[in-house]
Amino acid sequence: MIRITDILEESQKYLSQKDLEMIEKAYIFSASVHQEQLRLSGEPYLIHPLEVTGMLVEMRLDSATLITGLLHDTVEDTLTTLEQVEEAFGKDVAFLVDGLTKISKITFGDQLERQAENFRKMILAMSADIRILLIKLVDRLHNMRTLDFHSPDRQKFISQETLEVYAPLAARLGINWIKGELEDLSLKYLHPDGYCELMERVDKKQEERDEYAKEVRGIIHGQIKSFGLKAEVMGRAKHFYSIFKKMHEQRINFDEVYDLTAFRIIIDSDEERRCYEALSIVHALWKPVPGRFKDYIAMPKTNNYRSLHTTVIGPYGERVEIQIRTKEMDEWADKGIAAHWKYKEGKVSSGEDEDQINKLRELLDMQKDHKDAREFMKNLKLALYPDEVYVFTPRGDVKSFPKGATPIDFAYSIHTDVGNQCIGAKVNRSIVPLKYQLRNGDTVEVMTQSGHYPGKDWLKYAVTSRAVSKIKQWIKTEEREESILLGRNILEKELKKHHSNFSKLIKANEFNAILEEQSLNTVNDLLALIGYGKVSAKHVTHQLLHDEEEKEEGKEKKGILEKIGEKFRKAPSDAGISVTGIDNVMVRFAKCCSPLPGDDIVGCVTRGRGITIHGSDCPMVKEMDPERIIDAQWNVSEKQTFSVGIMVTCRDKKGLLSELSNAIYSMGVNMTYVNINASPGNDAICTFQLDIKDLKQLNMIVSELKKLKSVLSVERIKGTFRTTGKKKSRKDIDIRH
């Protein structure tokens, strides 16, 4: 277990005494606010921020990042406020803590929607400051190291998420040591049997592999030295996940995986040509395997990784994978963007770092059009897809794309207008169709035509998030313009039937009431909805002209309401409901949906029982006679409360009721009924009946309860309130105006 003294000892190697004092202050602060908090393992919670900060200090990150590592959970998991953090540690630290807190404070019910929103927040945060993402990656790594204490289902979900998004994000930043460990830990929980078997087999061959690696290192080192090159030769065992992936992709068993150890030649020089000299020595020593040479120095990976890769037939006929690079390249290959981290006024100083951040910011393009959680996650994973192809522009510049990219993706990478007007492409001077998949080494030239624009079929061939986003943006704009024209034509025809004119109505501002009703900004927005078929032109016409038929229907409904009002007229009260068209009428709340202030509501005229208030989304409303449904609004005084039930599913433990009750009472809410149903070895189902002011207060309570470590889910009980064993109904609330 790491201690604060270890962190300070390592920090003093590159930070000032003043920085060390602030780090120690942050430790004391964190220890104080996390006091008595425990992790699922039963260990003190403080261990987590210490471990996170320990990894950050190994990456040689600045003092603000280390302080944030110690404080990153304080605002989320304790009573600490952001203002307190800023006052004690400055704006820079407060900004980083706030970014990490916003990522974590998600209260969406749907798991996929929550995951998508989580990553939206993370991408937004990292675009503002890349340090937020670095801390988040290290935070996830420590959580993966301690995943044993979660349920099997939770382990699999977190591991799948880590493998699909967090590991590729680490790869995009070039931090391969985090990427490798995240992948191995994910494999452990997603394929436990395969992981254990692989570990046993690797252990059995370990002594044999060590002997072989020692022999190969000696041969390479001796040969390079004889040519006057200074270099270090290292042997590195491959990660379990890369072995597992190779076995499954190539459909081979473990005994057929020969390159379990990769060798690395690190040249003691900054000259790139020395790498090529070492490559020629290796190829003269052993026969290279055709198609296995990759030059990532001439054409670096998207994350700026640079190295030469080759596979040769080494001693005893075994395949040997060899990587050749300089010391600077090797440092980047392992630490990535953190390799030469230097902050100045909150901005990275290195051009390569800025380039990496700009590439990551491109992921934000997909947020403009992808509101759907499933589509967002699909495009996020696509943007992080590791397999890439490298192609050349006619000028000889290198561009990288995901595997399967087409000339459409190439065109949009140059400029939006070039993409929109693309009619074809020349690849290696030959004309190819737009669906052609680019290959490594292709030289691509885009052919454009003014007045030509993308079609929906382009979405079948576009791969990059930028291209997909721009095509959808164009289609959406084009369809909107067509819908506006169509909507105007439909509305004008309908108005002519009633001897009215569209232009005169616009000049007289007759559309304002309809725009307000539909929550629209402009008349074009309304016309577009008519064109899409989402709003009826007849409905708009009737509202504009105050149609006589509509007036008569209004009078008839008002007559019904007035009769009910006479029968049920009572003394005014603070019922909290305003009903359109009548005052002083008996109002009661429907037991089927139990609406709260803040819920959208409607009134239903009942026979002999006044007006019943339902939530507008209540299934019962759909089955009612539309003639009996009237508008209703909340008109609640601050003193009023409404009874509502919630069901909290928790991990059963000692003191559970006290923990839940304290969280509810801290919000100033009264409990009128409590029931806990638990059996040995199962989760506890806790039912509460609360006196709530409105929906906002209920959501705050739900959010507060979800912060508790023992809480698995919180659900609102709509309708009849049920206790264990017996059926207990809410009393009808007889509220009068």
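First, a word on scope: everything that follows refers to the structure included in this document. All values derive from a computational prediction rather than experimental measurement.

Attention now goes to the sheet that holds strand β21 (residues 684-692). In spatial order, the strands read β20-β21-β19-β22; together these 4 strands make up an open sheet with antiparallel pairing. Among the strands making up the open sheet, the edge pair consists of β20 (670-677) and β22 (711-717). Looking at each pair of strands side by side, their axes are set apart by 20° on average, direction ignored. Against the sheet, helix α29 (residues 695-706) engages β19 (642-650), β21 and β22, with an angle of about 160° to β22.

What follows deals with the packing of aromatic side chains. Inspection of every chain in the model, using the stated rule, returns 9 aromatic pairs. Arranged with centres 5.7 Å apart and planes meeting at 90°, the rings of Phe-29 and Phe-89 form a pair that is edge-to-face. Linking Phe-29 in helix α2 (residues 17-33) with Phe-89 in helix α6 (residues 82-89), this pair joins segments that are 60 residues apart in sequence. The class for Phe-89 is buried, based on a relative accessible area of 8%.

So, on to the packing of α2 against helix α4 (residues 63-71). If you want to describe how two helices pack, look at the angle between their axes and the distance between the axes. Contact geometry of α2 with α4 gives a least axis separation of 9 Å together with a crossing angle of 10°. Relative to α4, the element α2 is oriented roughly parallel. Taking contact as the criterion, the partners of Asp-19, Met-22, Ile-23, Ala-26, Tyr-27, Phe-29 and Ser-30 in α2 are, on α4, Ser-63, Leu-66, Ile-67, Leu-70 and Leu-71. Here the residues of the contact of α2 with α4 sort into 9 nonpolar, 2 polar and 1 charged.

Next up on the list: helix α25 (residues 537-545). Turning to α25, its buried residues number three or more, namely Ala-537, Val-540, Thr-541 and Leu-544. Along α25, the residues classed as buried sweep out an arc of 100° about the axis, all on the same side.

Before going further, it helps to examine the side chain of Thr-146. Along the chain, Thr-146 falls in the loop between α9 (130-145) and α10 (152-172). Residue class for Thr-146 comes out buried when judged on its relative accessible area of 19%. In terms of polar contacts, Thr-146 uses its side chain to reach the side chain of Arg-39, at 3.2 Å.

Attention shifts here to a positive patch on the surface. Together, Arg-292, Lys-294, Lys-301 and Arg-319 line one region of the surface with positive charge. Its place among the elements puts Arg-319 in strand β6 (residues 319-326).

Of all hydrophobic cores here, the largest spans 51 residues; its most connected members are Ile-23, Leu-71, Val-85, Val-93 and Ile-178. Considering each element in turn, this core owes the most residues, 9 residues, to α9. Not counting residues within four places of it along the chain, the set of residues in contact with Ile-23 comprises Ile-4, Ile-7, Leu-8, Ser-11, Leu-15, Leu-66, Ile-67 and Leu-70. In terms of nonpolar packing, the next biggest core, distinct from the first, is built from 33 residues, Ile-577, Cys-686, Leu-695 and Val-702 among them.

Thresholds, definitions, all that
Residues numbered from 1 in each chain as written. Predicted model: local features only at pLDDT ≥ 70, side-chain atom pairs only at ≥ 80, totals over all residues. Heavy atoms only, no water. Pairing = 2+ DSSP bridges. Helix = DSSP H or I, 4+ residues; strand = E, 2+ residues; numbered from the N terminus. Axes fitted to C-alpha atoms, helices over the stretch in contact; angles between N-to-C directions. Contact = heavy atoms within 4.5 Å. Phe/Tyr/Trp six-rings, centres within 6.5 Å; stacked < 30°, edge-to-face > 60°. Buried < 20%, exposed > 50% of the residue type's maximum accessible area, 1.4 Å probe, protein only. Parallel < 35°, antiparallel > 145°, perpendicular 65-115°, else oblique. Nonpolar A, V, L, I, M, F, W, Y, C, P; charged D, E, K, R; others polar. Arc of directions from axis to C-beta. Polar contact = N/O pair within 3.5 Å; in protein donor to acceptor, adjacent residues only side chain to side chain. Patch = residues over 30% accessible without salt bridge, like charges linked within 9 Å, V, L, I, M, F, W, Y side chains within 5 Å. Areas by Shrake-Rupley, 256 points an atom, 1.4 Å probe, with all protein chains shown as cover. Salt bridge = Lys/Arg side-chain N within 4 Å of Asp/Glu carboxyl O. Lys, Arg positive; Asp, Glu negative; His and termini not counted. Charge placed at Lys NZ, Arg CZ, Asp CG, Glu CD. Core = buried A, V, L, I, M, F, W, Y, C linked by side-chain atoms within 4.5 Å.

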